[in-house]
Amino acid sequence: MKEFETIKQRFLESLSACKSDAEIADLKAEYLGKTGVLTALMQQMKDLPADEKPKHGAAVNAIKVFIEDEIIRFKEKKYQERLTEKLASEKLDITLPGNQQTPGVRHLLNQIVEEIEDLFVGLGYQVKEGPEIETDENNFEKLNLPADHPARDMQDSFYIDPHTLLRTHTSPVQVRTMIEKGGLEPVKIICPGKVYRRDDDDATHSHQFMQIEGLVVDQNTSMADLKGTLLKMAQAMFGEDRTIRLRPSYFPFTEPSVEVDVSCYQCEGKGCSLCKQTGYIEILGAGMVHPNVLKMSGYDPDKYQGFAFGIGVERIAMLRHGIEDIRHFYTNDHRFLKQFKR
Ligand code: DAH
């Protein structure tokens, strides 16, 4: 009996040292396997007197049951320990503050483009887009700016090859649309998009910026239509009380050409630092489409007339929101951009 107790104790010590299921299986084989400790104990039986045999057999059996039970208990205990450890290490503190997800804000320039698109779509215009990589022909030639024309210097360009460049304005979309319409249908479009010039970047210049072009071609389109349209736009951008003023100017693709000013929204036209005491702020260029431009894109200038205008989107945004540096639009500091939640 004493020997049995020793076996049990030895087994329990070995069991508590087991680190894995494989080690437990090995230990089980050591005791209960064919050549194990218990088999050896059973074999001792044949040397015992007959009256002790049943007791011996029962005792060996009891150890077998004991070992099996202990293994089950030990495994269960290990499982619980691992589970407790896992629960502790994967604990989630649901009372911690979360990461704030701030919803995005539409870029101010795109907001202005959308506002102007909405206005003009309401006036029956189509929105047209053209490629940013343009031919010299569409960007200059067909806008009445032949090679060597001095006015090409007004727009320093990024050329890709002698016939291809990054468009310097959205005006080539006028050419593309008129050619597409084949010289017969009226045209009424606005064309928003990015344009590129070889300028050194500073507070008021950027090598990339946005414009919106407008073009109307029909048989009875007049300068009065242009003026009325631009007045509507100036009021939509700067307030219902605004008036506009047209000053003579020069663009190769329009004749006559005008520079358009809006009455100052800060001083109501009385004169202040914003309008440099003039009461007016320049906002865009426009004019009546030059007969050469109509002709080169397939329209008969004796039958058709048109007006066109081009607005710088950054300029409108800077004026309207008092932004002093054009580079803010492109450095994309979220603190700047998120101020313009609609
Ligand atoms: N394309 C001119 C520029 O980028 C702007 C412009 C002026 C467009 C007069 C026009 C226009 O359509 O009629 O400076």
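Conventions adopted
- Residues numbered from 1 in each chain as written.
- Predicted model: local features only at pLDDT ≥ 70, side-chain atom pairs only at ≥ 80, totals over all residues.
- Heavy atoms only, no water.
- Helix = DSSP H or I, 4+ residues; strand = E, 2+ residues; numbered from the N terminus.
- Rg over C-alpha atoms; globule rule 2.2 N^0.38 Å.
- Buried < 20%, exposed > 50% of the residue type's maximum accessible area, 1.4 Å probe, protein only.
- Contact = heavy atoms within 4.5 Å.
- Areas by Shrake-Rupley, 256 points an atom, 1.4 Å probe, with all protein chains shown as cover.
- Lys, Arg positive; Asp, Glu negative; His and termini not counted.
- Charge placed at Lys NZ, Arg CZ, Asp CG, Glu CD.
- Patch = residues over 30% accessible without salt bridge, like charges linked within 9 Å, V, L, I, M, F, W, Y side chains within 5 Å.
- Salt bridge = Lys/Arg side-chain N within 4 Å of Asp/Glu carboxyl O.
- Expected span 1.5 Å × (residues − 1).
- Polar contact = N/O pair within 3.5 Å; in protein donor to acceptor, adjacent residues only side chain to side chain.
- Near = heavy atom within 4 Å.
- Nonpolar A, V, L, I, M, F, W, Y, C, P; charged D, E, K, R; others polar.
- Disulfide = S-S within 2.5 Å.
- Pairing = 2+ DSSP bridges.
- Axes fitted to C-alpha atoms, helices over the stretch in contact; angles between N-to-C directions.
- Domains from an automatic or database assignment.

J.: Account for the overall build of the protein, with residues named and values stated.
T.: In terms of helices and strands, the protein carries 12 helices and 10 strands. Here the protein has a C-alpha radius of gyration of 44 Å; the compact-globule value for 342 residues is 20 Å, and the former is much larger. Over its C-alpha atoms, taken along the principal directions, the protein stretches across nearly 135 × 45 × 35 Å. Taken across its 342 residues, the protein has 41% of its residues classed as buried. Summarising the internal contacts of the protein: among those between residues at least 6 apart in sequence, 66% fall at separations of at least 24. Roughly 19,700 Å² of accessible area belongs to the protein as shown, and the carbon and sulfur atoms make up 52% of that amount. Averaging the positions of the 44 positive and the 54 negative side-chain charges in the protein gives two centres separated by 7 Å.

J.: Go over a nonpolar patch on the surface, please, and point to the residues and values.
T.: A cluster of nonpolar residues, Tyr79, Leu83 and Leu87, forms a patch on the protein surface that exposes about 300 Å² of accessible area. Among the secondary structure elements, Leu83 is positioned in helix α4 (residues 53–89). Overall, the relative accessible area of 33% leaves Leu83 in the partly exposed class.

J.: Would you mind going over helix α8 (residues 223–238) in detail, with residue names and values included?
T.: Along its 16 residues, α8 runs 22 Å from first to last C-alpha, staying within 8% of the 22 Å computed at 1.5 Å per residue. On its buried face, α8 sits against α5 (108–122), β7 (244–251), β8 (254–263), β9 (280–289), β10 (305–312) and α10 (313–321). Near the N-terminus of α8, the side chain that reaches the backbone nitrogen of Ala224, with its oxygen 3.2 Å away, is that of Ser222. Two residues or fewer after α8 comes Gly239, characterised by a positive phi angle close to 115 degrees.

J.: Describe the site of the ligand, and please don't skip the residues or the numbers.
T.: What surrounds the ligand is a group of 16 residues, the closest being His169, Ser171, Arg197, Gln211 and Glu213. Residue His169 places a side-chain N or O atom 2.9 Å away from a nitrogen atom belonging to the ligand. At 2.8 Å from an oxygen atom of the ligand is found a side-chain nitrogen or oxygen belonging to Arg197. Relative to its unbound accessible surface of 350 Å², the ligand loses 91% to contact with the protein. At the level of elements, β6 (208–218), β9 and β10 are the ones that each hand at least two residues to the shell around the ligand. Across the shell around the ligand, the residue classes tally to 5 nonpolar, 9 polar and 2 charged.

J.: Residue-level account of the state of the cysteines, with values.
T.: Under the counting rule described, the total for this entry stands at 0 disulfides. Cys264 carries a free sulfur, and the closest cysteine sulfur to it, the one in Cys267, is 3.6 Å from it.

J.: I'd like a rundown of the environment of Tyr125, residues and numbers included.
T.: Among the secondary structure elements, Tyr125 is positioned in the loop between α5 and β1 (126–127). On a C-alpha basis, the gap between Tyr125 and Ile323 in space is 30 Å, while along the polypeptide they are 198 residues apart. The residues touching Tyr125, leaving out its near neighbours within four places in the chain, are Phe120, Lys188, Ile189, Ile190, Leu215, Val216, Thr229 and Phe307.

J.: Can you lay out the sheet that holds strand β4 (residues 164–166) for me, pointing to particular residues and giving the numbers?
T.: What the 3 strands build is an open sheet, ordered β2-β4-β3; its pairing is antiparallel. Every interior strand has two partners, whereas the edge strands, β2 (133–135) and β3 (159–161), have only one. If you compare each strand with its neighbour and ignore which way they point, the axes differ by 35 degrees on average. Here β2 pairs with β4 via 3 bridges, running antiparallel. Counterpart to Thr135 in the pairing with β4 is Thr164.

J.: Can you explain the domain arrangement of the protein? Please cite residues and give values.
T.: Here the protein is described as being made up of domain 1 (2–90) and domain 2 (108–337). Here domain 1 and domain 2 have C-alpha centroids that lie 92 Å from each other.

J.: Describe in detail the pattern of salt bridges, supporting the description with residues and values.
T.: This structure, assessed with the given rule, holds 19 salt bridges. Linking Lys78 and Glu81 is a salt bridge whose minimum nitrogen-to-oxygen distance equals 3.3 Å. Residue Lys78 and its partner Glu81 are located together in helix α4, separated by 3 residues, close to a single helical turn. Of the charged contacts, one joins Arg245 and Asp261 as a salt bridge, the two residues approaching to 3.0 Å between their closest N and O atoms. Here Arg245 is found in strand β7, whereas its partner Asp261 is found in strand β8, with 16 residues between them in sequence. Overall, Arg245 belongs to the partly exposed group, its relative accessible area being 31%. For Asp261, a relative accessible area of 2% translates into the label buried. Each of the salt bridges in this network shares a partner with another, and the network as a whole consists of Arg245, Arg247, Asp261 and Glu282.

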